[in-house]
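Geometric and topological summary
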Amino acid sequence: MDVIMTIKPVFITMVLALIMGLFSGTVATVLTQSYLERYVDSLEQATWWKQQLSEEKPRPTPGSYEEALQIAHDELFASLVLFYNSGSSATLLPGSEIGAGVVVTSDGWVLSTASAIGTRAFVGGVEYAMTNTVRDALTDSVLIKLEANGLPVIAFADSETLMSGQEVFVARGIDTLFATTIADPSAWSLPGVAGSAETFSGFLTFNDELSLDGAPVVNLSGELVAVGDTPLSFIKNAMTTAVRSGVYTRASFGAQLIDLSFVHLPDTANRGFTRGALVTSVSFSGPASIGGLRTSDIILRVQDQTLTRQTSFAEILANYEPGKRVSILVDRNGEQLTLEVELGTL
């Protein structure tokens with residue numbers, strides 16, 4: 001009897017443990033599945049533009065210069081677009097190109113510049129009809145829609161990492177690739193004393209002339225870093241919107257700024273800051289004015305991005321669409337304040 005009484009609690013305990021184990025396993029499975037679903041959703045959202053726009057992910061750096069040259073050649077010329085005038089022969093003759101561009105979506109969106117567009121477009125020697133053209137108000141860049149599907153696309157690099165002396169490859173015709181380097185920033189198109197908050201500075205200069213308008217520029221991994229003298233960071237976000245909507249839209253801020261990274265002012269004006277943007281005027285009833293920005297404020301950070309010599313206010317602003325509320329950290333006569341500004345439409 002004592003043995004039976006001893007076995008009963010043990011048996012009951014085992015049954016309860018088994019039930020709890022099954023239940024906890026079910027809960028763990030549900031929680032894990034829920035977590036994985038959220039993780040997948042976040043990945044899809046984070047990589048949406050890359051998969052939809054370039055449909056390519058950044059590639060690893062090649063192991064040798066010869067490998068880099070081969071990769072750049074293969075990747076660039078697969079997605080290279082050449083423009084010709086109506087009178088051009090169907091046989092593509094070297095030197096007869098009007099300009100160039102590069103395929104950024106497999107269904108036919110091409111990135112180029114306004115001066116490069118002819119009346120006929122060829123990819124891999126095949127002619128495609130041009131059905132739409134979308135121009136950017138702040139750069140010379142243009143998106144052209146070709147009547148096509150299944151085109152090879154170029155991979156995008158992080159052009160914010162561009163620096164003087166960096167070697168890049170540029171298309172110079174039907175099958176001609178040449179290497180050049182990015183010139184020292186002192187030779188770039190840098191800002192003057194003051195300029196619009198939306199206006200870009202730092203358009204690229206190269207140590208060799210880019211003889212073909214709209215020529216795509218790739219790094220040693222064959223990834224796109226610029227089109228002509230326009231870094232990819234100037235146009236990437238607006239291009240994503242344009243591919244979705246067919247319209248280039250830019251956010252407006254409504255202020256005149258001096259980039260303290262490039263313009264040296266008396267300490268009474270810059271208050272000891274060598275990075276940031278000094279506000280010289282604020283547009284009446286514009287987004288910056290409504291958000292509380294004042295003349296002589298120094299903008300130090302936008303959201304989580306600090307203004308630096310490599311990252312200007314205009315470049316940071318280009319990452320946001322009209323209607324977005326952004327936090328702006330400013331210095332106001334020695335006191336640091338955070339303002340909320342709802343961006344307008346340029």
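Look above for the structure.
Residues numbered from 1 in each chain as written. Predicted model: local features only at pLDDT ≥ 70, side-chain atom pairs only at ≥ 80, totals over all residues. Heavy atoms only, no water.

Attention shifts here to the pairing of strand 4 (residues 120–123). Because side chains alternate across strand 4, one face comprises the buried residues Arg 120 and Phe 122, and the other comprises Ala 121 and Val 123, equally buried. Here strand 4 runs beside strand 5 (residues 126–128); their pairing, made up of three bridges, is antiparallel. Of the residues in strand 5, the one forming a bridge with Ala 121 is Tyr 128. Hairpin geometry of strand 4 and strand 5 is characterised by an intervening segment of two residues between the two adjacent antiparallel strands and by a positive phi of about 60° at Gly 124. (Buried < 20%, exposed > 50% of the residue type's maximum accessible area, 1.4 Å probe, protein only. Helix = DSSP H or I, 4+ residues; strand = E, 2+ residues; numbered from the N terminus. Pairing = 2+ DSSP bridges.)

Attention now moves to the sheet that holds strand 7 (residues 141–146). Spatial strand order, 5-4-1-2-3-7-6: seven strands in an open sheet with antiparallel pairing. Of all strands in the sheet, those bounded by a partner on one side alone are strand 5 and strand 6 (130–135). On average, each strand axis in the sheet is inclined to that of its neighbour by 35°, with strand direction left out of account. Alignment of strand 6 against strand 7, held across five bridges, turns out to be antiparallel. By the bridge assignment, Met 130 is partnered in strand 7 with Leu 146. On top of the sheet, helix 3 (residues 65–79) reaches strand 1 (80–84), strand 2 (99–103) and strand 4; it is set at about 45° to strand 1, its chief contact. (Axes fitted to C-alpha atoms, helices over the stretch in contact; angles between N-to-C directions. Contact = heavy atoms within 4.5 Å.)

Following the sequence through the fold, Asp 331 ends up in strand 19 (residues 325–332). The exposure class assigned to Asp 331 is buried, which follows from its relative accessible area of 4%. At a separation of 3.2 Å, a polar atom in the side chain of Asp 331 contacts the main-chain amide nitrogen of Gly 334. Apart from residues lying up to four places away in sequence, Asp 331 is in contact with Arg 271, Phe 273, Ser 296, Asp 297, Ile 298, Leu 300 and Gln 336. (Polar contact = N/O pair within 3.5 Å; in protein donor to acceptor, adjacent residues only side chain to side chain.)

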